[in-house]
Every structure is written in structure tokens, then in C-alpha cells.
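The primary structure of each chain is shown beneath.
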Amino acid sequence: MGFLAPILSELAPYVPGEQPQTHDFIKLNTNESPYPPTEAVVTAATYAARQLHLYPDPTCSLLRRTLAQQLKVPMSSILVGNGSDEVLAFCFQGLMGQGVSFPDITYGFYPVFAQLYQVPAQVIPVTDTFAIDLADYQDATGTVIFANPNAPTGQALSADRILAFAQGNPDRLVIVDEAYVEFGGESLVPYVTQQENLLVVGTFSKSWQLAGGRLGYAVGSEKLINELNKLKFSFNPYSINGMTMAAGIAALQQPQDHQEKLVAVMATRRWTLTKLQELGFEVTDSQTNFLFPRHPDIRGEWLYQQLKDRKILVRWFSQQRIKEHLRITIGTPEEMQLLIQALTDIIHEKREMI
Ligand SMILES: *Cc1c(COP(=O)(O)O)cnc(C)c1O
């Protein structure tokens, strides 16, 4: 095997949540929208399928223009990618010349990308209450990246705090991964054009019902976006297919529908939070489309398995600090009722056993 690059033997790839290809599970493990795309989105993608014999537009101009209007930034401030994972990969590959720091409890892809692109990384523990304290990043060097709201904790920092940190560290780049921002966080997008060391990454996977389309983006100064474009055009200029582009544009043209589904998820989140607390779970409010509960008397891994046996998939992480927690995506009201019923049964049966 002498032909393999040495880095391969070191690499510990990202482990995605389970994606069962049967329909007998209630899927609350990868933070997708529980609602399918609208008819208009499906029609747009179907129509675009008629052009599958041609390469798609490598500059994605119509999609970028539509997104730019929505975000109120110039089109030249937007890069789109094959999911925000691709955008984040470009960031790690190209924008971390002085190293990177990120929280210990955050999106699991950051350490993988740091390893893949051999970026020296400083991992900064979140506080006892799982909060990111930016003061802890003051003495680190290089780029700072974190999700805001953070995953899997569901907690958010205010835009003011992040902006103040970026202003106080003008020589360092601050990348804010806003995968969940629309569920209750404050976006930094309005500041990226003035604050040149700020870059926001977003996705259509969580709030736009397009996880399967693979569509993500970065918003930043024209200069930063140009640098990222160099990487994109040195790797795969056609990473976004025409059907996904059409679906993204059609989704953006239905802001009302988007808003209604956000409101629905947030209402279901509130209901689920209360029910979990009634069952004895410790769970704090979330600014995302998931909750991060922990039961004081029941092991996280055991609960995960019990739910799986009942055909409900949630996410469990083996990481020491969070191994008694579960990350539970907010599904439809019906799905959450079934979840709460299953948890009620599990806890009841456990009591009988003792
Ligand atoms: C889901 C998620 C992503 C990746 O989203 P894609 O656009 O589907 O690649 C990025 N960052 C965070 C924090 C996420 O939770």
C-alpha cells in the first residue's frame, strides 16, 4: 500500500447520523426539516431535470442573485457550495493560514477538516453550562470558527458579542456557521460587508427543506469570497447541479412558506421542551430545530438504543462531556407526540424493573 498518502493512515473521518433507507423510522437524528419541499420547489427541480444533458451554470448567478436579494448583500459577497460542508471545507483549506480554534463541543466536522487540511487546531472547552465564552479565544491565534447557535447544545451568542470580538481582533478571521440561525439566533450577515474579518456560512439543509439537494453558502467581503472562489474553481466548478439550483431559487421565492414552517418548528419545540421537563429531563431552551436533553437517572446511550428499538432515531454522541445527552431533532407535532409517548413507556418500564 505504499502508494497511499501518509495522511490517510491518520485520518478519522466524520461519522454522519444514520440514514436508514426504509421508511419505518421516525427520523429525529440529523436535524432535517420534517416538512417536504413545496410543490413549486418540486416542479422547479423537475423542470430543471430536462437540462440534465448540459453542465449547470458554474457561477450559479441566478441563485446567487436571488439569495443576495434575500440577505440584502451584494451578489459578489456570496459563494454557494455543495452543502455548507463543502463551503466549510474551503474555509479550512484556504482561510486558516495562522491556524484555527473552535469549541470542544460543536459541529463534528471542524476537527475532521482541520486534520484533513493539516491546520494546527486549538480546541477550547465550552463552559460548564456549555456556553461559548469568546474571552477564552482571546489568547489563541488564527481563525476562530464556531456554530451560532451552536450544535449540539442549541445555545446562541448575541450578534453584538460576536461583532465586538471581530472588531477587537481585526487581524483574525471569525467564521460563524449559521446553520440554525433562523430558528431563533441573530444573524451576523448584516455586518459582513463592513467587517472584513467576518464570514458567515449558511445552509439550505435545516430550515429550507433541502438537505437532499446539498446547498450551502458563505457570505463575506468580496475579497474573501474571491479567495474561496479560487478554491471552488480549482476543485469542481460544477459542484451545484441544475436541479438543486432551481430548487433553491424556488424555495427563496416562497418566503411566506419558509416563515410558516419556522414558526411551526419553534412551536413544536416549545411543546416538546415542556413535555421532556415533565418526564424529568434536564433540558434548556434551544435556538435551533433540536433539543439537547439529559435525564439525571438514565444513561444516554441506553435511552438512544431503547428509542431505536421502538423505531425512533435520535443522535447520541460518545464524547465524554455530552455522553448522557441526546440530540433530538424537532419533527412534526405527531412525531413528537410519539417520541414523548415512547419516552414515557421507557421510563415507566424501567421503574417496574427496579
Ligand atoms: C448540518 C450542519 C452543517 C452542514 O450542513 P450541509 O449544508 O447539509 O452540509 C454545517 N454546520 C452545522 C453546525 C450543521 O449542523
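Sequence order as written defines residue numbering, which begins from 1 separately in each chain. The predicted nature of this model means local features are confined to residues of pLDDT at least 70 and side-chain atom pairs, given and counted, to a pLDDT of 80 or more, with totals for whole chains, interfaces and linings taken over all residues. To get the side-chain values, all heavy atoms of the structure are used, and hydrogens and water are removed first.

Chemist: Talk me through the packing of helix α3 (residues 61-71) against helix α8 (residues 242-252); I want residue IDs and the actual numbers.
Modeler: Two measures define how a pair of helices packs: the angle their axes make with one another and the distance between the axes. Angles here are taken between N-to-C directions and fall from 0 to 180 degrees, while the axes themselves are lines fitted to C-alpha atoms, restricted in helices to the stretch in contact. Helix numbering and strand numbering both begin at the N terminus, where a helix is a DSSP run of H or I of at least 4 residues and a strand a DSSP run of E of at least 2. At their nearest, the axes of α3 and α8 sit 9 Å apart, and the two run at 25° to each other. Between α3 and α8, the angle falls in the class roughly parallel. The way α3 lies across α8 gives a crossing that is left-handed. Every residue of α8 that contacts α3 at Leu 62, Leu 63, Thr 66, Leu 67 and Gln 70 is listed here: Met 245, Gly 248, Ile 249 and Leu 252. Any residue outside Ala, Val, Leu, Ile, Met, Phe, Trp, Tyr, Cys, Pro, Asp, Glu, Lys and Arg is labelled polar, Gly included; the first ten of those are nonpolar and the last four are charged. Of the residues that constitute the contact of α3 with α8, the class distribution is six nonpolar, three polar and no charged. Every angle not falling under 35 degrees, over 145, or within 65 to 115 is termed oblique; those three ranges are roughly parallel, roughly antiparallel and roughly perpendicular. Here a crossing is taken to be left-handed if its near helix is turned anticlockwise relative to the far helix by less than a right angle, and right-handed if that turn runs clockwise. We call two residues in contact whenever any of their non-hydrogen atoms come within 4.5 Å of each other.

Chemist: Summarise the pairing of strand β8 (residues 216-219); cite the residues concerned and give the values.
Modeler: Both faces of β8 are covered, namely the face carrying Gly 216 and Ala 218 and the face carrying Tyr 217 and Val 219. Whether two strands pair comes down to DSSP finding at least two bridges between them. Pairing of strand β2 (residues 78-81) with β8, which is carried by four bridges, proceeds in the antiparallel orientation. Within the sheet, the bridge partner assigned to Leu 79 lies in β8 and is Ala 218. The sheet contact formed by strand β7 (residues 198-203) and β8 spans four bridges and is antiparallel. Categorising residues by exposure relies on relative accessible area from a 1.4 Å probe, with only protein chains included: less than 20% of the type maximum marks a residue as buried, more than 50% marks it as exposed, and the intermediate range marks it as partly exposed.

Chemist: So what's going on with α3? Residues and values would help.
Modeler: Taken together, the buried positions of α3 are occupied by Leu 63, Arg 64, Thr 66, Leu 67 and Ala 68. Among the structural elements, β2, β8 and α8 are those in contact with the buried residues of α3.

Chemist: Can you explain the packing of helix α10 (residues 300-309) against helix α11 (residues 333-353)? Please cite residues and give values.
Modeler: At a minimum axis separation of 10 Å, α10 and α11 run at an interaxial angle of 120°. Judged by the angle between their axes, α10 and α11 are oblique. Crossing angle aside, the handedness with which α10 passes α11 is right-handed. Of the residues in α11, those in contact with Trp 302, Leu 303, Gln 306 and Leu 307 of α10 are Leu 339, Ala 342, Leu 343, Ile 346 and Lys 350. Broken down by class, the residue content of the contact of α10 with α11 amounts to seven nonpolar, one polar and one charged.

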